[in-house]
Amino acid sequence: MMTNISRRNFVLGTACSVAAHPLMSRASFASVPSDNRLVVIILRGAMDGLDVVRPVGAPEFENYRKGLLEGTLHTGGFFGFHPKLEPLMPMWADGDLSFIHATSTPYRDVRSHFDGQDMLETGGADGIEGDGWLNRALGQIPGAARETAISVGREPSLILSGDTPSLSWAPNADLEMTGQAQQLLELIYHDDPLFRNGLELAEILSRDEAMGGNRAGKLTKNIRGTRELAEYTALRLLDETRIASFSTAGWDTHRSQRSSINRPLEQLADVLLTLKSDLGSVWDKTTVLAMTEFGRTARVNGGGGTDHGTGGAAVLAGGTVRGGRVFGTWPGLAEADLYNGRDLKPTSDVRAHAGWLLHSLFGLEKSVIETTVFPKLDMGRAPELLL
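Computed from a prediction, not measured in an experiment: that's the story for all the values here.

Caption draft 1: Region of interest: the overall build of the protein. A count of helical and extended segments in the protein gives 13 helices and 13 strands. In the structure as shown, the protein presents an accessible area of about 16000 Å², 51% of it carried by carbon and sulfur atoms.

Caption draft 2: Region of interest: the confidence of the model for the protein. Across the protein, the average pLDDT comes to 85, with 77% of residues at or above 70. The low-confidence segment residues 3–31 (pLDDT under 50) makes 63 contacts with residues lying over four places distant or belonging to another chain. For residues 207–221, every residue scores under 50 in pLDDT, and the model assigns this stretch 21 contacts once sequence neighbours within four places are set aside.

Caption draft 3: The arrangement of the packing of aromatic side chains in detail. For the structure on display, the rule yields nine aromatic pairs. Their ring planes at 65 degrees and their centres at 5.7 Å tell us that Phe 78 and Trp 330 sit as a pair that is edge-to-face. Of this pair, Phe 78 sits in the loop between strand S4 (73–74) and strand S5 (80–81) while Trp 330 sits in the loop between strand S12 (326–327) and strand S13 (348–349), and the two are 252 residues apart along the sequence. Accessibility expressed as a relative area gives 34% for Phe 78, which makes it partly exposed. Aromatic side chains Phe 81 and Phe 99 sit 5.3 Å apart centroid to centroid with 35 degrees between the ring planes, which places their arrangement in the tilted category. Of the two residues, Phe 81 is situated in strand S5 and Phe 99 in strand S6 (residues 97–104); the sequence distance between them amounts to 18 residues. When its relative accessible area of 1% is taken as the criterion, Phe 81 is described as buried. Three or more aromatic residues link up through ring pairs in this structure, and these residues are Phe 78, Phe 79 and Trp 330.

Caption draft 4: Broad picture of the sheet that holds S5. Taken together, three strands build an open sheet; the order of strands is S3-S5-S4 and the sheet is antiparallel. Pairing within the sheet leaves two strands with one partner each, and these edge strands are strand S3 (53–54) and S4.

Caption draft 5: Just the pattern of salt bridges, in detail. One pass over the full model with this rule turns up 18 salt bridges. We note a salt bridge from Glu 240 to Arg 236, for which the minimum N-O separation is 3.1 Å. There is no split in this pair, since Glu 240 and Arg 236 are both buried. Residue Asp 252 is joined to Arg 296 by a salt bridge in which the shortest nitrogen-to-oxygen separation is 3.0 Å. Residue Asp 252 is found in the loop between strand S9 (243–248) and helix H10 (257–260), and its partner Arg 296 is found in the loop between strand S10 (286–292) and strand S11 (312–317); the two are separated by 44 residues along the sequence. The partly exposed category is assigned to Asp 252, whose relative accessible area is 35%. A single network of salt bridges, built from pairs that share partners, joins Asp 35, Arg 37, Arg 242 and Lys 285.

Caption draft 6: Geometry of the pairing of S11. Here S11 lies mainly inside the structure; six of its six residues are buried. Neither face of S11 is open: one carries Gly 312, Ala 314 and Leu 316, the other Ala 313, Val 315 and Ala 317, and all of them are buried. As defined by bridge partners, S6 adjoins S11 across six bridges and the pair is classed as antiparallel. Counterpart to Ser 98 in the pairing with S11 is Leu 316.

Caption draft 7: Examining helix H5 (residues 113–122) more closely. Buried residues of H5: His 113, Gly 116, Gln 117, Leu 120, Glu 121 and Thr 122, and no others. Packed against the buried residues of H5 are strand S2 (37–43), helix H6 (133–138), S10 and helix H12 (350–362). Immediately downstream of H5, the backbone of Gly 123 shows phi near 85 degrees, a positive value.

Caption draft 8: Inspection of the packing of H12 against helix H13 (residues 366–373) at higher detail. One can describe the packing of H12 onto H13 by two numbers: an axis separation of 10 Å at closest approach and a directional angle of 135 degrees. Relative to H13, the element H12 lies oblique. In the packing of H12 onto H13, the handedness of the crossing is right-handed. Touching Gly 355, Trp 356, Leu 358 and His 359 of H12 are Lys 366, Ile 369 and Val 373, all from H13.

Caption draft 9: Quick peek at unusual backbone geometry. Although it is not a glycine, Lys 376 adopts a positive phi angle of roughly 75 degrees. With respect to the helices and strands, Lys 376 occurs in the segment after H13. Classification of Lys 376 as exposed rests on a relative accessible area of 72%. Located in the positive-phi region is Glu 384, a residue other than glycine, with phi close to 55 degrees. With respect to the element layout, Glu 384 can be found in the segment after H13.

Caption draft 10: Fine view of the nonpolar core. By size, the foremost hydrophobic cluster in this structure holds 44 residues, and its most contacted members are Leu 85, Leu 97, Phe 99 and Leu 272. Per element, the largest residue contribution to this core is seven residues, and it comes from helix H11 (residues 262–279). With sequence-adjacent residues up to four places away left out, Leu 85 is seen in contact with Val 52, Leu 73, Phe 99 and Leu 265. By size, the runner-up hydrophobic cluster in this structure holds 36 residues, among which are Ile 243, Val 321, Phe 362 and Leu 377.

Caption draft 11: Examining the pairing of strand S8 (residues 166–170) more closely. Of all the five residues making up S8, five are buried; the element is thus mostly covered by neighbouring parts of the structure. Neither face of S8 is exposed, since Ser 166, Ser 168 and Ala 170 on one face and Leu 167 and Trp 169 on the opposite face are all buried. Relative to S8, strand S7 (residues 149–152) runs parallel, the two sharing three bridges. In the sheet register, Ser 151 faces S8, and the bridge partner there is Ser 168.

Rules and cut-offs
- Residues numbered from 1 in each chain as written.
- Predicted model: local features only at pLDDT ≥ 70, side-chain atom pairs only at ≥ 80, totals over all residues.
- Heavy atoms only, no water.
- Helix = DSSP H or I, 4+ residues; strand = E, 2+ residues; numbered from the N terminus.
- Areas by Shrake-Rupley, 256 points an atom, 1.4 Å probe, with all protein chains shown as cover.
- pLDDT = per-residue confidence, 0-100.
- Contact = heavy atoms within 4.5 Å.
- Phe/Tyr/Trp six-rings, centres within 6.5 Å; stacked < 30°, edge-to-face > 60°.
- Buried < 20%, exposed > 50% of the residue type's maximum accessible area, 1.4 Å probe, protein only.
- Pairing = 2+ DSSP bridges.
- Salt bridge = Lys/Arg side-chain N within 4 Å of Asp/Glu carboxyl O.
- Axes fitted to C-alpha atoms, helices over the stretch in contact; angles between N-to-C directions.
- Parallel < 35°, antiparallel > 145°, perpendicular 65-115°, else oblique.
- Left-handed = near helix turned anticlockwise from the far one by under 90°.
- Core = buried A, V, L, I, M, F, W, Y, C linked by side-chain atoms within 4.5 Å.

Below, the structure is given as structure tokens:
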């Protein structure tokens, strides 16, 4: 069960607390269960892991991907990176970024975005409809309260839906305030960083939307929407929230992938850099997991794109991660190694990686994760994703 917070409700709701403000302190908020933070980003549309994290050391790869490989960022190892990840290379060098390759949910063969995303967000739990795995995990964390987790964004999301209370926020309402009311709020919240920053962000978002999203500056036309999600997520994580989720779109690259994948990669890079910048020292306690419903075909199609596949890649970032490496067992790209002769073969279950993060960050027992959070999952051995 999620409580919806619109932009107007967020700011004007604080106005209703003006009279009570002198009695408000950090102790007024529910106690939080952990000092660690987890951000789960759903990459909707099936990110092509073979383009993002390129197995340049595989002899078959160049032949499969003719026309898509210009500008590869070489690391001197088996894997290179898409050139649009260049802004993240300092993060990679600092050990704040890693990837998991050849991973997937158990979803196979039909390759429907809707079904694949449902399994990704519900965790593939039999008999549990509309119940997200992150919501089930939240219900198992001692001390968790409604404020502990939040779903951010306009798009409906299953991952935090369920019986355990959590928050949701969408940047979809206009801020309508008189100048006098705005000055009053600014005066009252001047010395409270949480409300002051929240008021400032809501004003920025409202002004930008009122101008049609064409305002130059911090929130640019191409990445304004995703950056505001990251900014608000960081704002919440700086206070009582410990778990957040949102999604980015545009990863369905059936045609002209050489150009069509650029924007979502730019958005992903900007999201990660924004989270790191805005979280400050809290970044050292933060883990970001970006996951997608499935990968894409090994070979380029006739339209210069790639079709729905199976094995894909996940992204890990944060001050907690064991960065500067690509996790996973590489299955190979020889004809005999491909899944159904067309896709990268999955060698791990992305749900198991998510489960081990929950175990490390919030102390959930392996048995609880395998029976309640991801029913019937075998997590296997710990992959040691975190420091």
